[in-house]
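# Coordinate inspection notes
These are the residues of each chain, in order.
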Amino acid sequence: MKAIRWIRNTNADSVVYYKLQHSIKTRFLRFVPLDWNPNGRIGMRIEAYGCAYKSEVADFDGKSFLLYRFNPKATTALKDIISLKFKTSQRDGILLHREGQNGDHITLALAHGKLSLLVNIGDAKMYSADAQINITLGSLLDDQHWHSVLIEHFNNQVNFTVDKHTHHFHAKGEFNYLDLDYELSFGGIPMPGKSGILPWKNFHGCFENLYYNGVNIIDLAKRHKPQINIMGNVSFFCSEPPIIPVTFLNSNSYLALPGTSGQDEVSISFQFRTWNNEGLLLSSKLYQTSGGLLMYLSDGKVKLSFYKPGKGQSDITAGAGLNNGQWHSVSLSAKKNHVSLIVDNDASSSTHASIPIQILSGDTYYFGGCPTNTNSSECKNPFGHFLGCMKQISIDSNSIDLISVQENSVGNFSDLQIDLCGIIDRCLPNYCEHGGECSQTWNSFYCNCANTGYMGATCHSSIYEQSCEAYKHRGNTSGFYYIDSDGSGPLGPFLVYCNMTDTTWTVVQHNNTELTRVKSANRENPHTVFFKYAASSEQLQATINHAEHCEQELAYHCRKSRLSNKQDGIPFSWWIGKINETQTYWGGSAPDVQKCACGIQGSCIDSQHDCNCDADRNEWTNDTGLLSYKEHLPVTGLFITDTDRPNSEAAYKLGPLLCQGDREFWNAASFNTEASYLHFPTFHGELSADVSFFFKTTASSGVFLENLGIKDFIRIELHSPSEVTLSFDVGNGPNEITVQSPSPLNDNQWHFVKAERNIKEASLQVDQLPQRTHTASADGHIRLQLNSQLFVGGTASRQKGFLGCIRSLHLNGAALDLEERAKITPGVKPGCPGHCSSYGNLCHNGGKCTERYSGFSCDCTFSAYAGPFCKKEISAYFGSGYSLTYNFHDTYSLAKNSSSHAASFHPDMTLIREAISFTFRTTRIPSLLLYVSSFYKEYISIILAKNGDLQIRYKLDSHQDPDIFSINFKSMADGQFHHVKIKREEAKLFVEVDQNERMKFFLSSDTQFNAVKSLTLGKILAENSDVDPDTMKANSQGFVGCLSSVQFNHIAPLKAALDHSSSVPVTVKGHLTDFNCGSLTGADSTSGEATHSLADHSGPIDEGEPLANALRSDSAIIGGVIAVVIFILLCIAAIAVRIYKKKSVYNKKEVKGSENEDSAETALKSELSVQNTVNENQKEYFF
């Protein structure tokens, strides 16, 4: 809509002409007088002049059509253009049809008020599903208004346009397969039709200006040219009789029409269309009673109710799904107590019934609603008002003239639009994104986002993170996750494996990860393989672009099979990268070097060649390495040509695509002055826009970003220390949404902001605070039109600038490179240090957060746990006689000259506090769980007593008996996991077991633990007569079971023992290895994500030898298959044993007496062994 200002005339006689520079097409003109002649009376005279317009019209009566036969020499199969206008009141009908042999045809037809273009290749040529095309455009095209259609076909590109809405598609060769006759029919199908399968009716309505490749078809028909056959009654003027509709606009709308009272027969019919599934259609009081009849929509069905005081209500239902926006007819006939209700003239939608009420007609029928000032007995409406259109109303077989109603000659009405059906298809165009399903009512539309992977009012925002890095910094651990690389962009989510190590690896699998053997390939008949990934090429491209580094391992095993060819320069084997370019360099090399890894390292088996395989030896070797040039990844194909000579053979294996990190997640800029800002191109988010970023600051206010238009704008700012505000205007006036935080946001920690604006609503969310929304006006402006630069960290006026850091800024899913722009902008620096203040809470169990330029890491050195967040439990199984001793004295000797915490343990050290924690699982009693000794015959022992009680013994005075503290909830030798936490502060001792309430005890002896010597798990090997008898007896049994996550102050003895690279002096007796004791705490939950084990490595595993034995013969492969089958059977048997043993263990109430200990211990060990075996298998194999 464009406003034009004119100067008015100054008197009543003169004429002022204004000629527009360009002609316009419009249905309405609005004139707004800005002032009046001060010397005359108010008056206005306007004439509008149209352009020259030629109109050729044809009227089809629903039984007629035109048949046009053309000269094949005058046309070309590569180009066709068809244009026309039509109007009709019928929702179905054929506009155009062309067919040929074997069922081939092209058809343009109205179906349920929408226009469909169908291209069908007959059964004899149905090469694929792509051979069938069905494109639908438009809606409510049966509204008696003119609609324009244009079909353009150039080669295989087709443009289909209805009322300026165009669908472009590529026909992929279907038109080349079509075998069509040289004739076209308009308005119907020649009878009998060759296809015989089209169910549509002939067209009933008018055509205007029908052209086929520039030929005026209607003009030829009017002149009775031989190329045109007129079939049936076709007239050349639009004679369609006008049908007057009426629109019920709101809750005040109603139409009251008179009836003849006192008759024992009632006959009413009308047609209606609506999107609402409920509303009153008709209400009338019966003659001389307080009863009446009600016809209404309920759940998209027509229901008819007769009510009368003292008698039960009689309900009749007919039809279904009548709120689909189509015209539906309703016919009510009632005589005495017999009622008939018919919907859409369909017998299956008809209902006939007898009711216990004698029907006598009233004097007034109310359609659509009731007047507000009418007695409720005259018009009753408990169902809500009808919003929609009606037409062809008939009462007692008399058609109602709605023009007479409009002139107040008949009946009464309020808030109606007469002679217009104002229905709007709010799902056209469909503003639901990403495949969301649109539904609507009269006033609004709704998007069903189920199973799309997106959320919001228009399914705009992805429910998934954009990378594994983002999942990791939500605290998630390794597992399968859906990622959406471009957020709210067009690319959908896809499944990857996120390997959360110190760095984050994204693993994308393909369809051929096995070692594959190749024989009998040559240049004329190469072995070709193409790899299909669990993501599209566009999704892979986005993931690779985001990553800091990507790699893919390619292994080529060979025996007399070469890769390169120095003689003629044509390689024997090559691979294809992402852009279908041939690559001849191999793993470990660079693109411009054209070598293998051994050639770069100078380690090839033949120094005259740059690849091991080029030595062409009659023995197995390999060229294996990482391809890490991102612009060429992933590998999409492999060609092998040199395996057809005697004894020539090869095998290849391509690993998954591995990508590390996410550059965009940590892309940040620091704004050091209020006048500093970054500027970017205009943000284009006319119909839907989302902005997300992290910020941290100590300032009380500042603008994060701003983009302006002529009147429209969008701005996000820190309005106060605890408020973030989104402001915007799309032409309906400024709007503002504010989220208020209960705690200050200028605390120099990272906070997350996400704002979204679409045509239905705007929303703002900060961190995990409740989202605030603002609903858009139903019929206002919807486009956000911006034209200035986008300012980040400031405004165009350079006021209210932002001081602090902004990170990971995304607009509609696309990241802005803040760091690159900051490098060339005064007052702004790339990057932003200090991530531990925000993410340090992700480091658990005593892990220490360590700063990095891009992110942070958790240092688990002084934690009993491992993993990226110090949440992985370190466990080991202790067999009979196993012992682990951690020597504090030796640790001091090693560390006394360092700053290590271990240096605090030395012979003269006195402890007045300890923090001890561990998890155990056993069935053996008595058992020694933990023992700490000193040089002064003082000790701490933690044992399981004979009755299964947990006992903690402190002997801090060598001249007194130990203090003994017993915890006797139940026997803890029950084969279940038990978590123990012990904390001492001088004489106070706090003990927490499992989830039970913490207990408090007091030491009666000394509070100083002097000269700590060693810590022992399992059995004490050194002879020690200074411990009490119960501890000695427990030590004689040692410990048999599982210990996990053992911590004594900052020392993790079990972790130190299992870390073979550690120099800490630990003495171990027995085969102690890292052992998965099963799920202990559930700490590694991935927030409901279904995860499965995959390889735990962050990079490729070295294959070692070329598996020559496995490749040497078919018998070896068969033997391998048999071995795998046997392995699977053994696993099944082991699991069965585990289940059986588990039942035999857990069904017992408590372990009593040594006669049951051996069997219980065997069951526990068996169970743990099976668990560990299964877990290890999960680590190594991916099915």
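Taking an unreviewed UniProt entry as the reference, the protein is identified by name as Contactin-associated protein-like 4 belonging to Phrynocephalus forsythii. Among the UniProt annotations of the protein, the heading Sequence similarities (unreviewed entry) holds the following wording: "Belongs to the neurexin family." The record in UniProt for the protein states the following under Subcellular location (unreviewed entry): "Membrane".

Quick look at the nonpolar core now. In terms of nonpolar packing, the biggest core is built from 49 residues, with Phe878 and Phe918 touching the most fellow members. Counting residues per element, this core draws most heavily on helix H11 (residues 1053-1058), at four residues.

Turning our attention to the sheet that holds strand E41 (residues 573-576). Reading across from one edge, E39-E44-E41-E42 is the order of the four strands in this open sheet, with antiparallel pairing throughout. The sheet is open, and its two borders are formed by strand E39 (527-530) and strand E42 (582-583), each paired with just one other strand. Bridging between E41 and E42 involves two bridges; their strand directions are antiparallel. Bridge assignment links Trp575 to a residue of E42, and that residue is Gln583.

On to the pattern of salt bridges, then. For the coordinates displayed, the defined rule picks out 20 salt bridges. The closest approach of N and O atoms between Arg474 and Glu465, which form a salt bridge, is 3.1 Å. Under the relative-accessibility criterion, Arg474 is labelled partly exposed at 48%. Using a relative accessible area of 24% as the deciding quantity, one classes Glu465 as partly exposed. Of the charged contacts, one joins Asp642 and Arg562 as a salt bridge, the two residues approaching to 2.9 Å between their closest N and O atoms. Here the residue Asp642 occupies a position in the loop between strand E44 (637-640) and strand E45 (649-654), and Arg562 occupies one in the loop between strand E40 (549-559) and E41, the gap between them amounting to 80 residues. Residue class for Arg562 comes out partly exposed when judged on its relative accessible area of 22%.

Burial within strand E58 (residues 804-811) is extensive, with eight of its eight residues counted as buried. Where strand E47 (residues 668-671) meets E58, four bridges bridge the pair, whose relative direction is antiparallel. Looking at E58, one finds that Phe671 is bridged to Gly804. Strand direction decides the pairing type here: strand E49 (residues 688-696) and E58, joined by five bridges, are antiparallel. Bridge pairing in E58 places Phe695 opposite Ile806. Pairing geometry for E58 and strand E59 (residues 814-815), over two bridges, is antiparallel. Along E59, the bridge assignment pairs His810 with Ala815. Between the end of E58 and the start of E59, which pair antiparallel, lie two residues, with Asn812 showing a positive phi angle near 50 degrees.

What follows deals with helix H10 (residues 1029-1037). Considered for burial, the residues of H10 that qualify are Thr1031, Ala1034 and Asn1035. Along the axis of H10, the buried positions cluster into a sector of 100 degrees, meaning they face one direction only. In this structure, the buried side of H10 is in contact with strand E69 (927-934), strand E70 (939-944), strand E71 (950-955) and strand E77 (1012-1018). Of the residues flanking the start of H10, the one acting as N-cap is Asp1028, its side-chain oxygen 3.2 Å from the backbone nitrogen of Asp1030. Note on H10: the residue one or two positions beyond its end, Gly1038, has a positive phi of about 70 degrees.

With that settled, the discussion passes to helix H5 (residues 537-546). Along H5, the residues that are buried comprise Gln539, Leu540, Ala542, Thr543, Ile544 and His546. Elements that come into contact with the buried residues of H5 comprise strand E35 (479-483), strand E36 (494-500), strand E37 (504-508), E40 and strand E46 (657-660).

Rules of the game
- Residues numbered from 1 in each chain as written.
- Predicted model: local features only at pLDDT ≥ 70, side-chain atom pairs only at ≥ 80, totals over all residues.
- Heavy atoms only, no water.
- UniProt positions renumbered as here; feature names shortened; annotations may be inferred.
- Core = buried A, V, L, I, M, F, W, Y, C linked by side-chain atoms within 4.5 Å.
- Buried < 20%, exposed > 50% of the residue type's maximum accessible area, 1.4 Å probe, protein only.
- Helix = DSSP H or I, 4+ residues; strand = E, 2+ residues; numbered from the N terminus.
- Pairing = 2+ DSSP bridges.
- Salt bridge = Lys/Arg side-chain N within 4 Å of Asp/Glu carboxyl O.
- Arc of directions from axis to C-beta.
- Contact = heavy atoms within 4.5 Å.
- Polar contact = N/O pair within 3.5 Å; in protein donor to acceptor, adjacent residues only side chain to side chain.

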